[in-house]
Amino acid sequence: HSVMGKARSRDGSLERAVVDLADAVSLAHRIGHNFPAVVVDDDDDDARLQLLDPAVVANIDPTGRSLGEELAVELVSVDLDRRHVEFQPATPPTT
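Residues numbered from 1 in each chain as written. Predicted model: local features only at pLDDT ≥ 70, side-chain atom pairs only at ≥ 80, totals over all residues. Heavy atoms only, no water.

Examining the overall build of the protein chain
Logical step 1: The number of helices and strands found in the protein chain is 1 helix and 5 strands.
Logical step 2: For the protein chain, the sequential pattern of α-helices and β-strands runs α-β-β-β-β-β.
Logical step 3: The long-range share in the protein chain, meaning contacts at least 24 apart out of those at least 6 apart in sequence, stands at 49%.
Logical step 4: With the model as given, the accessible surface of the protein chain reaches about 6500 Å², and the carbon-plus-sulfur share is 51%. (Helix = DSSP H or I, 4+ residues; strand = E, 2+ residues; numbered from the N terminus. Contact = heavy atoms within 4.5 Å. Areas by Shrake-Rupley, 256 points an atom, 1.4 Å probe, with all protein chains shown as cover.)

Structure, rendered in structure tokens:
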């Protein structure tokens, strides 16, 4: 790897860390809330979600998820030190 390539990679990692921290801070007071989301990427380890509002990208367990799927997710935890938010599929309301 070239010095410039390493610098670009480090810049990208730093930018992602800043965005992750901003996302975590903006959601910290909303634990337990549900959000509409769309699965924008999936693989064996994680499915990537895009919340519709606020515009946050996060991972979720890929089990049963498919690309393009719309679902409601619940924010279950926020860790500011790790710049991490955790979502799970929202429990449908009981009638």
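Section: a negative patch on the surface
Logical step 1: The grouping of Asp41, Asp42, Asp43, Asp44, Asp45, Asp46 and Asp61 at the surface amounts to a negative patch.
Logical step 2: With respect to the helices, strands and loops of the structure, Asp46 is situated in the loop between strand S1 (34–42) and strand S2 (47–51). (Patch = residues over 30% accessible without salt bridge, like charges linked within 9 Å, V, L, I, M, F, W, Y side chains within 5 Å. Salt bridge = Lys/Arg side-chain N within 4 Å of Asp/Glu carboxyl O. Lys, Arg positive; Asp, Glu negative; His and termini not counted. Charge placed at Lys NZ, Arg CZ, Asp CG, Glu CD.)

Description of unusual backbone geometry
Logical step 1: Here Asp53 and Pro54 are connected by a cis peptide whose omega angle stands at 5 degrees.
Logical step 2: If you check the backbone angles, Arg83 has positive phi at about 55 degrees while not being a glycine.
Logical step 3: Inspection of the secondary structure assignment puts Arg83 in the loop between strand S4 (70–79) and strand S5 (84–89).

Here's the deal with the side chain of Asp23
Logical step 1: Secondary-structure assignment places Asp23 in helix H1 (residues 3–27).
Logical step 2: Those residues in contact with Asp23, other than ones at most four positions away along the chain, are Arg16, Ala55, Val56 and Val57.

Here we look at the pairing of S4
Logical step 1: Inspection of the sheet shows S1 paired to S4 by 5 bridges, in the antiparallel sense. Within S4, the residue paired with Phe35 across the bridge is Val73.
Logical step 2: When S4 meets S5, the two strands line up antiparallel, connected through 6 bridges. From the neighbouring strand, Glu74 faces S5, where its bridge partner is Gln88.
Logical step 3: Two successive antiparallel strands, S4 and S5, enclose a turn made up of 4 residues, where Arg83 displays a positive phi of approximately 55 degrees. (Pairing = 2+ DSSP bridges.)

Remarks on the pattern of salt bridges
Logical step 1: Per the counting criterion, the structure on display carries 2 salt bridges.
Logical step 2: For Arg65, the salt bridge goes to Glu69, with nearest N and O atoms at 3.0 Å.
Logical step 3: For Asp79, the salt bridge goes to Arg82, with nearest N and O atoms at 3.7 Å.
Logical step 4: Judged by relative accessible area, Arg82 falls into the exposed class, the value being 56%. (Buried < 20%, exposed > 50% of the residue type's maximum accessible area, 1.4 Å probe, protein only.)

Observations regarding the sheet that holds S5
Logical step 1: Strand order in the open sheet formed by 5 strands is S3-S2-S1-S4-S5, with antiparallel pairing between adjacent strands. Taken across any chain shown, the strands that pair with only one partner, and hence form the sheet edges, are strand S3 (57–60) and S5. Adjacent strand axes in the sheet meet at a mean angle of 50 degrees when their direction is disregarded. (Axes fitted to C-alpha atoms, helices over the stretch in contact; angles between N-to-C directions.)

Interpretation note: all reported values are geometric properties and have no functional meaning in isolation.
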